[in-house]
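# Descriptive structure summary
Below are the chains, spelled out letter by letter.
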Amino acid sequence: TAALAQNYPARPIRLVVSFAAGGGVDLVARLVGQKLSEAWNQQVVIDNRPGAGGNVSAELVAKSPADGYTLYMSSASVVVNASLYKSLPYDPLKDFAPVTLLVNAHNVLVAHPSLPAKNIRELIALAKKKPGQINYASTGSGSSGHLAMELFRSMAGIELVHVPYKVIGQTTADLLSGQVSLWFPTMPGVMQHIKGGRMTALGVSGSRRAPALPNVPTIAEAGVPGYDASTWYPLLAPAGTPSAIVDKLNAQLVIILAMPDVREKLQAQGIEPVGSSPAQLSTHLKSELVKWEKVVRMSGAKVD
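Every value quoted in this text rests on a predicted model; they were computed, and no experiment measured them.

## With respect to the pattern of salt bridges
This model, assessed by the stated rule, comprises ten salt bridges. The shortest N-O distance in the salt bridge between Asp261 and Lys35 comes to 2.7 Å. Placement of Asp261 in helix α11 (residues 260–267) and of Lys35 in helix α2 (residues 24–40) is noted, with a sequence separation of 226 residues between them. Here Asp261 falls in the partly exposed class, since its relative accessible area comes to 30%. By relative accessible area, Lys35 is classed as buried at 14%. Note that Arg153 and Glu159 form a salt bridge whose closest N and O atoms lie 3.6 Å from each other. Shared partners join several salt bridges into a network, and the residues in it are Arg14, Asp47 and Arg49.

And the structure:
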């Protein structure tokens, strides 16, 4: 396997991305893919395969050859879906070889400026006055935004109407036009709209404030104590991928995530570079599987 890794990669690499272009997962994939291509002088082809909350892409990669030429860029959905769906066409722990936990990302709860609520406490009060009359968008049942909002709704004791979309572009357009009132996306796709005043940022999902939005409180400090629904993006390979190739990928990705220009671009979008070892990612996947199972049960989130 060492000799195999020395010659790797000898042809283009396909990086399958679990969601459509324009979101946080896609942004990180394209940045990392470009740097990986430059480092190894081999093209990294981004292959966006949205659908079923990431299950379409996960199944594709799980059944791909374990040769290092098909990689998987996902979100926490890779383990969350085990609790949301009655059955999956893949096993999130057995069917993938962990490469590295690339980044942690914040979701940000945004509202259309016309909504008469400018912070979390005002939103909760408004929703209690108008139960079931305020709608929120997501990029699909089981997406990080859907689950983050369901957890918020459950912990805040309010009723909201879920409006799922298939693509992030239409979600963004309908929030900007006021067709929907709320959305809980990752930061990259909406930072320009927040700064331009076209969306109102009410709170961030993590346990601490995001450096990119230092004046926006966490939802926990803004009115829902104990709330934490941050997300993360792992890079995985099909199970059985030679350890020498996994280690070579990991070493290069850790170098990429430490590059000053990469860190600056990610942090400006509310994304924190990590760069874990394969063993650390394996442990993380197992612990997050247990964590999100409890969250899904408590929130009552389901996929039709």
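## Topic: the sheet that holds strand β3 (residues 70–73)
By way of backbone hydrogen bonds, the strands of a sheet pair with one another, either parallel or antiparallel. Spatially, the six strands line up as an open sheet ordered β2-β1-β3-β10-β4-β11, and their pairing is mixed. On the outer flanks of this sheet lie β2 (44–48) and β11 (271–273), each paired with one strand and no other. Here the average twist between neighbouring strands, direction ignored, is 30°. Two strands pair when backbone bridges link them, and strand β4 (residues 96–105) and β11 are joined in this way by three bridges, in the antiparallel orientation. Within β11, the position partnered with Ala105 by the bridge is Ile271. Sitting on the sheet, helix α4 (residues 77–84) is in contact with β3, β4 and β10 (231–238), with an inclination near 95° to β10.

## Considering empty space enclosed by the protein
A full pass over the atoms with the stated rule returns two cavities of 30 Å³ or more. Taken as a whole, the largest cavity encloses approximately 80 Å³ of empty space. Secondary-structure elements contributing two or more residues to the lining of the largest cavity are α4 and α6 (144–156). Counting residues per element, the lining of the largest cavity draws most heavily on α6, which supplies three residues. The class makeup of the residues in the lining of the largest cavity is six nonpolar, seven polar and no charged. For the second largest cavity, the calculated volume is near 30 Å³. Around the second largest cavity, the lining residues are Leu15, Val32, Gly33, Leu36, Val44, Leu71 and Leu235. Per element, the largest residue contribution to the lining of the second largest cavity is three residues, and it comes from α2. Of the residues that constitute the lining of the second largest cavity, the class distribution is six nonpolar, one polar and no charged.

## Thoughts on the packing of α2 against α11
For the pair α2 and α11, the least separation of the axes is 11 Å and the interaxial angle reads 170°. The angle between α2 and α11 falls in the class roughly antiparallel. Facing Leu27, Val28, Leu31 and Lys35 of α2, the residues of α11 in contact are Asp261, Val262, Lys265 and Leu266. Class assignment for the residues of the contact of α2 with α11 results in five nonpolar, no polar and three charged.

## Side note on the pairing of strand β1 (residues 13–17)
Here is the key point about a regular strand: its side chains alternate between the two faces of the sheet. Burial runs high along β1: four of the five residues are buried. Across five bridges, the pairing between β1 and β2 is parallel. Residue Val16 lies in a different strand from β2, and its bridge partner there is Asp47. Where the polypeptide runs from β1 across α2 and back to β2, its parallel neighbour, the crossover connection is right-handed. Where β1 and β3 come together, four bridges link them in parallel fashion. Counterpart to Arg14 in the pairing with β3 is Thr70.

About the criteria used
- Residues numbered from 1 in each chain as written.
- Predicted model: local features only at pLDDT ≥ 70, side-chain atom pairs only at ≥ 80, totals over all residues.
- Heavy atoms only, no water.
- Salt bridge = Lys/Arg side-chain N within 4 Å of Asp/Glu carboxyl O.
- Helix = DSSP H or I, 4+ residues; strand = E, 2+ residues; numbered from the N terminus.
- Buried < 20%, exposed > 50% of the residue type's maximum accessible area, 1.4 Å probe, protein only.
- Pairing = 2+ DSSP bridges.
- Axes fitted to C-alpha atoms, helices over the stretch in contact; angles between N-to-C directions.
- Contact = heavy atoms within 4.5 Å.
- 1 Å grid on protein atoms, 1.4 Å probe; cavity = no way out; pocket = protein on both sides within 12 Å on 5 of 7 lines; lining within 4 Å.
- Points joined across faces, edges and corners; volume = space filled by probe spheres on them.
- Nonpolar A, V, L, I, M, F, W, Y, C, P; charged D, E, K, R; others polar.
- Parallel < 35°, antiparallel > 145°, perpendicular 65-115°, else oblique.
- Right-handed = clockwise from strand over helix to strand, strands pointing away.

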